[in-house]
Amino acid sequence: MSKATPFKRHAIALSVALLMTACSQSQVENSADSAADPGHASGEHGSGSSAGLPAGRIAAGEARAQVKGKATGQSCIDCHGADGNKPIDPTYPKLGGQYGDYLAHALQAYRAGDRQHALMTPQATDLSDQDIADLAAYFGSRPSQLRDLHGVK
């Protein structure tokens, strides 16, 4: 057996593994079930959250979005709008229809102080994991006004 044979086997095995991974991901992203799961980016995490949070409850998130924070005296909807699509300032993001996991990770980062914003960091400080999961589920379930490059030619 030549010295090149084991290298070729490893190269083939690696190529097959990469191809299988790419095919698996495209199947997940094209799944009709993914779009119906607002709490998870493309549904790739099944029933779990990539943020390591409990299951979010949309109704509880809607109620939590209306609670005034101690730090600022503002609620989520005061700044982002009832469905997360009408921010009071054009620099504030639209949250409606955003991936729930993205929202959860952002809120966790504000809570931990890893992401800084004069209003959001103190707002997130007292949020529990369940609060974050609920808010992410609620805003992720709202109609989206987000724009991306899908379908742009």
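Residues numbered from 1 in each chain as written. Predicted model: local features only at pLDDT ≥ 70, side-chain atom pairs only at ≥ 80, totals over all residues. Heavy atoms only, no water.

**Details of the layout of surface pockets**
Left-over empty space is what a probe sized like a water molecule reveals as it rolls over the atoms. Taken as a whole, the largest pocket spans an internal volume of roughly 580 Å³. Around the largest pocket, the lining is made up of 31 residues, and of these His80, Leu95, Leu107, Tyr110 and Met120 lie nearest the centre. Counting only elements with at least two residues in the lining of the largest pocket, the list comes to α4 (76-80), α5 (100-112), α6 (120-124) and α7 (129-141). Top contributing element to the lining of the largest pocket by residue count: α5, with five residues. (1 Å grid on protein atoms, 1.4 Å probe; cavity = no way out; pocket = protein on both sides within 12 Å on 5 of 7 lines; lining within 4 Å. Points joined across faces, edges and corners; volume = space filled by probe spheres on them. Helix = DSSP H or I, 4+ residues; strand = E, 2+ residues; numbered from the N terminus.)

**Structural notes on α7**
For an α-helix the count is 3.6 residues per turn, leaving residues at separations of three or four pointing the same way. With 13 residues, α7 extends 18 Å from end C-alpha to end C-alpha; this agrees with the ideal 18 Å at 1.5 Å per step. Taken across its 13 residues, α7 has 10 buried, putting it largely inside the fold. Taken as a whole, α7 has its buried residues at Asp131, Ile132, Ala133, Asp134, Leu135, Ala136, Ala137, Tyr138, Phe139 and Gly140. (Expected span 1.5 Å × (residues − 1). Buried < 20%, exposed > 50% of the residue type's maximum accessible area, 1.4 Å probe, protein only.)

**Observations concerning α5**
In this model, α5 (13 residues) spans 18 Å end to end at C-alpha, consistent with the 18 Å of a helix rising 1.5 Å per residue. Residues Gly100, Asp101, Leu103, Ala104, Ala106, Leu107, Gln108, Ala109 and Tyr110 constitute the buried set of α5. Contact partners of the buried residues in α5: α6 and α7. One or two steps after α5, the chain reaches Gly113, where phi turns positive at roughly 85°. (Contact = heavy atoms within 4.5 Å.)

Keep in mind these values describe shape, not function.
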